[in-house]
Amino acid sequence: MSNSSNSYQPPRFKYQDVIDELEAVAKVADSLLAPNNAHIIPQTIDALEGSRLHDGFYNWQLNQPITTRRSEGEHHPGSNGPYDLEGRLCYSWRIKPEKQGRKKTPAQSFVVEGNISTRMELFGKQRAHDAVDERLAAWRFEIGDNVSPGVFFHSQVSWHIPASVHNSDCDIPRFPCFLMTPGECLDFLLGELFQIEWPKLQQAHSTDVKRWSASQGYRMSRLLEQSRKVIEASAGVSPWIALKTWKPDDSGFMLR
Amino acid sequence: MSKRFAPFVLVDDNVDQTLPPLVHALGADAVIGIDYPADFDSGSSSNTLGKIRRASVLLVDHNLMDTKRDHGPLEPLTGSGLLAALPGIAAGHNDSDPATQPFRLRADVIYSGKLDQLASVDLRPGVHSMAAPVLGREHVVARMNNVDWVLSKSRKDRPPPQEDLAVLSELAAAVATALRNRKIGTESPETALRKLMKLSLRGWGGRAVEQIEDMHPPLQAIASGDALAAIRWLLHIALPFPGCLHELRDVALALRLDPAWLRSNDKALLSLSGHIAAAAYSGALSAFQGKRWWKAGIDALIWEKTEGRFYDQPVLRSLAKSLTGDSDAKTIDLATPVLVVDEDFRRTDVVAELDKCVQVQPDDWPPSVEFPWIEIDRVQRSPRLLSLVVPKDSARVE
């Protein structure tokens with residue numbers, strides 16, 4: 001049905017791919033991000049670059065969210081959506097640089113283990129109503145680990161917790177997902193908030209999108225191929241449960 | 001031509017031999033020869049400076065050293081040296097009034113049989129030179145030497161005479177256009193540049209303006225009235241490098257068409273040209289070394305024709321076949337195609353898969369332009385190219 005946890009290998013990412021993606025998204029999305037956000041992405045790229053010389057685990061995280069400019073109905077293709085929305089994204093990735101050779105040689109790749117979560121929120125209001133902004137939606141794109149119940153690459157939505165409930169740590173449902181890196185998640189968020197403008201900006205900045213598109217495309221293709229293999233090899237259990245319980249057994253399966 | 005533009009003026013130490021081919025190409029009335037250094041001697045210098053002042057294009061030989069005579073210690077011995085010294089020479093003859101004419105009012109061209117000397121190319125066998133030859137990189141060598149253009153006298157390097165003529169005529173026309181615009185220095189530099197490039201703000205024009213700004217035009221110089229700074233930016237940056245304007249090969253790539261196939265297929269080219277006419281660049285220097293199109297205009301056309309599916313390769317290929325009127329049009333079947341440069345960083349019609357290429361950063365590549373792509377296997381065979389790979393790609397060529 002699926003590989004056992006004994007054969008689990010945490011996924012690996014190339015530093016350069018993750019950095020290229022974030023750099024490119026930040027450049028192409030410049031006019032869609034809040035004006036006071038200019039420093040956030042360069043700072044977090046610096047932090048990731050710095051981790052290349054780090055021994056052991058490193059928490060790559062963004063405490064101050066990347067915030068979009070306000071989408072005024074642009075979440076509908078005709079810019080006539082009923083909401084004015086602002087997106088926020090932050091993340092926390094526990095990574096381990098894969099250093100090879102001499103101690104001072106920067107790592108070219110890292111593995112992810114433990115808490116790998118990118119969180120997105122929408123704040124805003126219905127345009128027709130003169131209300132104050134509220135949090136309207138929140139979700140996360142996450143990568144599981146050896147003991148997580150699956151599906152391994154998944155997204156989760158935040159619960160609306162009634163006042164009578166004290167423990168809010170319920171982590172279902174987990175929807176299958178093939179977006180992983182912060183750059184990809186920002187791509188997703190911008191694509192939702194700016195249905196026309198975001199693809200148009202990507203077309204206008206085609207030179208900046210090339211590298212990012214190549215690495216993202218490769219990862220997505222490999223994950224979808226892998227998922228198809230798991231589904232086709234399922235026996236004695238539904239393909240969904242096979243996919244849900246699958247964990248990577250080749251840490252390099254998404255490396256170009 | 002002589003009626004439309006101020007004359008072309010040639011300064012050469014061997015003017016009797018150099019002048020006839022130019023006269024043949026440009027017309028006897030259009031070209032004035034100046035013998036160097038004889039015509040700069042004190043007795044005739046005012047007349048000489050007067051001729052230079054009237055020039056729309058000043059062609060100056062590179063090597064001005066005459067081995068048969070002694071040169072004064074301050075006498076310029078190269079074309080770029082003479083061009084740099086001209087304001088001083090003029091001032092020494094009370095021939096210039098900096099208060100009223102702070103900027104040059106002509107295009108400066110180095111016209112030489114030894115252009116490779118300008119690019120510091122050492123062609124001796126076994127010499128490991130980082131430089132690249134001039135042919136096809138005139139814009140780079142011109143920028144390095146602080147002139148508007150460089151043109152070869154050498155028969156082997158030279159394009160056919162009519163192409164020489166076209167280059168010089170376009171330069172003269174651009175100078176005339178820039179100088180006619182009396183509002184430069186009074187209106188916003190962005191507006192002045194947009195008018196020079198004949199760009200309307202309607203439709204995709206706003207996006208084109210952003211793409212112009214990405215190429216860092218000399219807005220401060222234009223704002224202070226230097227009309228020819230914009231012409232030089234067009235010659236050195238905006239026209240030869242990919243960015244706000246597409247060459248034919250960029251249009252082909254955007255449509256997933258094989259650029260070499262398109263270039264050699266007149267019927268397809270004619271059909272396509274009709275469909276993309278609204279995006280054609282018609283501003284200053286629009287016919288300089290080939291036609292160009294606004295990237296924003298081509299993007300908008302593709303967006304409209306594909307209903308926003310500009311990234312969908314089958315849809316694009318179908319559009320390419322429709323626009324060329326050729327159902328057998330040769331299309332590109334690569335996931336992420338890039339145009340590559342040759343080993344001397346000249347743009348080519350060769351398309352390769354991005355994953356099989358790296359970017360290199362030649363010293364003379366403008367930082368505002370995407371660094372050029374080149375195939376990994378070619379880089380791995382060349383120590384010179386290996387040393388120029390961008391840091392982010394260095395692990396991919398080890």
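Residues numbered from 1 in each chain as written. Chains lettered and ligands numbered in written order. Predicted model: local features only at pLDDT ≥ 70, side-chain atom pairs only at ≥ 80, totals over all residues. Heavy atoms only, no water.

Quick notes on the packing of helix H4 (residues 197-204) of chain A against helix H5 (residues 206-233) of chain A
Residue and element names in this part refer to chain A. The test is simple: Lines are fitted to the C-alpha atoms to define the axes, a helix being fitted only along its stretch in contact, and any angle between axes, read from their N-to-C directions, falls within 0 to 180 degrees. Runs of H or I in DSSP of at least four residues are treated as helices and runs of E of at least two as strands, each being numbered from the N terminus. Angle categories are assigned with fixed cut-offs, so that under 35 degrees is roughly parallel, over 145 is roughly antiparallel, 65 to 115 is roughly perpendicular, and the rest are oblique. Working rule for contacts: check all heavy atoms of both residues, and any pair within 4.5 Å makes them a contact. Three classes are used: nonpolar for Ala, Val, Leu, Ile, Met, Phe, Trp, Tyr, Cys and Pro, charged for Asp, Glu, Lys and Arg, and polar for all others, with Gly counted as polar.
It is the contact of H4 with H5, at a shortest axis distance of 6 Å, that shows an interaxial angle of 100 degrees. When the axis of H4 is compared with that of H5, the two are roughly perpendicular. Listed contacts from H5 to Trp198, Gln202, Gln203 and Ala204 of H4 are Ser206, Val209 and Trp212. Taken together, the residues that form the contact of H4 with H5 break down as four nonpolar, three polar and no charged.

Considering the packing of aromatic side chains
How two aromatic rings sit relative to each other is given by the distance of their centres and the angle of their planes. Put simply, the rule reads: Under the pairing criterion, centres of Phe, Tyr and Trp rings, with the six-membered ring standing for Trp, must be within 6.5 Å; the plane angle then separates stacked pairs below 30 degrees from edge-to-face pairs above 60, leaving the rest tilted. We call a residue buried when its accessible area falls under 20% of the maximum for its residue type, exposed when it is over 50%, and partly exposed in between, using a 1.4 Å probe and counting protein chains only. By the criterion adopted, a ring carries a charge over it if an Arg CZ or a Lys NZ lies within 6 Å of its centre and within 35 degrees of its normal.
Counted under the stated rule, the structure contains 18 aromatic pairs over all chains. Relative to phenylalanine 40 of chain B, the ring of tyrosine 36 of chain B has its centre 5.5 Å away and its plane inclined at 70 degrees; by these criteria the two rings are edge-to-face. Phenylalanine 40 of chain B shares its class with tyrosine 36 of chain B; the two are buried. Three or more aromatic residues joined by ring pairs form one cluster here, namely Phe13, Tyr15, Trp60, Tyr91, Trp93 and Phe110 of chain A. The lysine or arginine in question, arginine 88 of chain A, covers the ring of phenylalanine 123 of chain A, its NZ or CZ lying 3.8 Å from the ring centre. Taking NZ or CZ as reference, lysine 96 of chain A lies 5.5 Å from the ring centre of phenylalanine 57 of chain A, over its face.

A closer look at the domain arrangement of chain B
All names here are of chain B. Where we set the bar: Domain start and end points were adopted from an automatic or database domain assignment. Two parts placed together each lose some accessible area; with a 1.4 Å probe, that loss summed over both constitutes the buried area. Basic side-chain nitrogens of Lys or Arg form a salt bridge, by our definition, when they fall within 4 Å of a carboxyl oxygen of Asp or Glu. Here a polar contact is taken to be a pair of N or O atoms separated by no more than 3.5 Å, where protein atoms must pair a possible hydrogen donor with a possible acceptor and residues adjacent in sequence count only if both atoms sit in side chains.
When the domains of chain B are assigned, the result is domain 1 (8-173), domain 2 (181-238), domain 3 (245-324) and domain 4 (337-397). Across the boundary between the two partners, domain 1 contributes 13 residues, which contact eight residues of domain 2. Both faces combined, the contact of domain 1 with domain 2 buries some 940 Å², and carbon together with sulfur accounts for 55% of it. On the surface where domain 1 and domain 2 come into contact, there are one salt bridge. A salt bridge links arginine 232 to aspartate 148; its shortest N-O distance comes to 3.0 Å. Joining domain 1 to domain 2, the criterion identifies four residue pairs in polar contact (both at pLDDT 80 or more). Counting residues per element, the side of domain 1 that touches domain 2 draws most heavily on helix H4 (residues 138-144), at three residues. When its residues are assigned to classes, the side of domain 1 that touches domain 2 shows seven nonpolar, two polar and four charged.

Some details on unusual backbone geometry
Going from tyrosine 36 of chain B to proline 37 of chain B, the amide bond is cis rather than trans, its omega being 5 degrees. Within the secondary structure, proline 37 of chain B sits in the loop between strand E2 (31-35) and helix H2 (45-54). In this model, serine 79 of chain A sits at a positive phi of 55 degrees, which is unusual for a non-glycine residue. Positioned with a positive phi, histidine 216 of chain B is a non-glycine residue whose angle comes to about 50 degrees. Checked against the element boundaries, histidine 216 of chain B lands in the loop between helix H7 (205-214) and helix H8 (219-223).

Some points on the sheet that holds strand E4 (residues 107-112) of chain B
Residues and elements named next belong to chain B. Cut-off, in case you're wondering: Two strands qualify as a pair provided that DSSP identifies no fewer than 2 bridges between them.
Taken in spatial order, the five strands of this open sheet run E2-E1-E3-E4-E5, and their pairing is parallel. Where the open sheet ends on each side, the last strands, each with one partner, are E2 and strand E5 (149-152). Adjacent strand axes in the sheet meet at a mean angle of 25 degrees when their direction is disregarded.

Focus: the environment of lysine 114 of chain B
Residue and element names in this part refer to chain B. Along the chain, the position of lysine 114 falls in the loop between E4 and H4. In this structure the C-alpha to C-alpha distance between lysine 114 and proline 217, which are 103 residues apart in sequence, comes to 31 Å. Those residues in contact with lysine 114 that lie beyond four places of it in its chain are His62 and Asn63.

Some details on the interface of chain B and chain A
Taken together, the contact between chain B and chain A spans 19 residues of the former and 19 residues of the latter. In total, chain B and chain A occlude about 1,700 Å² of area from one another, counting both sides; carbon and sulfur atoms represent 51% of this. When the buried area of chain B at its contact with chain A is split by residue, Arg207, Trp303 and Lys392 of chain B rank highest and sum to 36% of it. Here chain B is connected to chain A by five salt bridges. Among the ionic pairs, aspartate 20 of chain A bridges to lysine 392 of chain B, the shortest N-O distance being 3.0 Å. Our enumeration of links across chain B and chain A arrives at ten residue pairs in polar contact (both at pLDDT 80 or more). Among the elements of the structure, H7 and helix H13 (295-305) of chain B are those that each provide at least two residues to the side of chain B that touches chain A. By residue number, the principal contributor to the side of chain B that touches chain A is H13 of chain B, which donates four residues.

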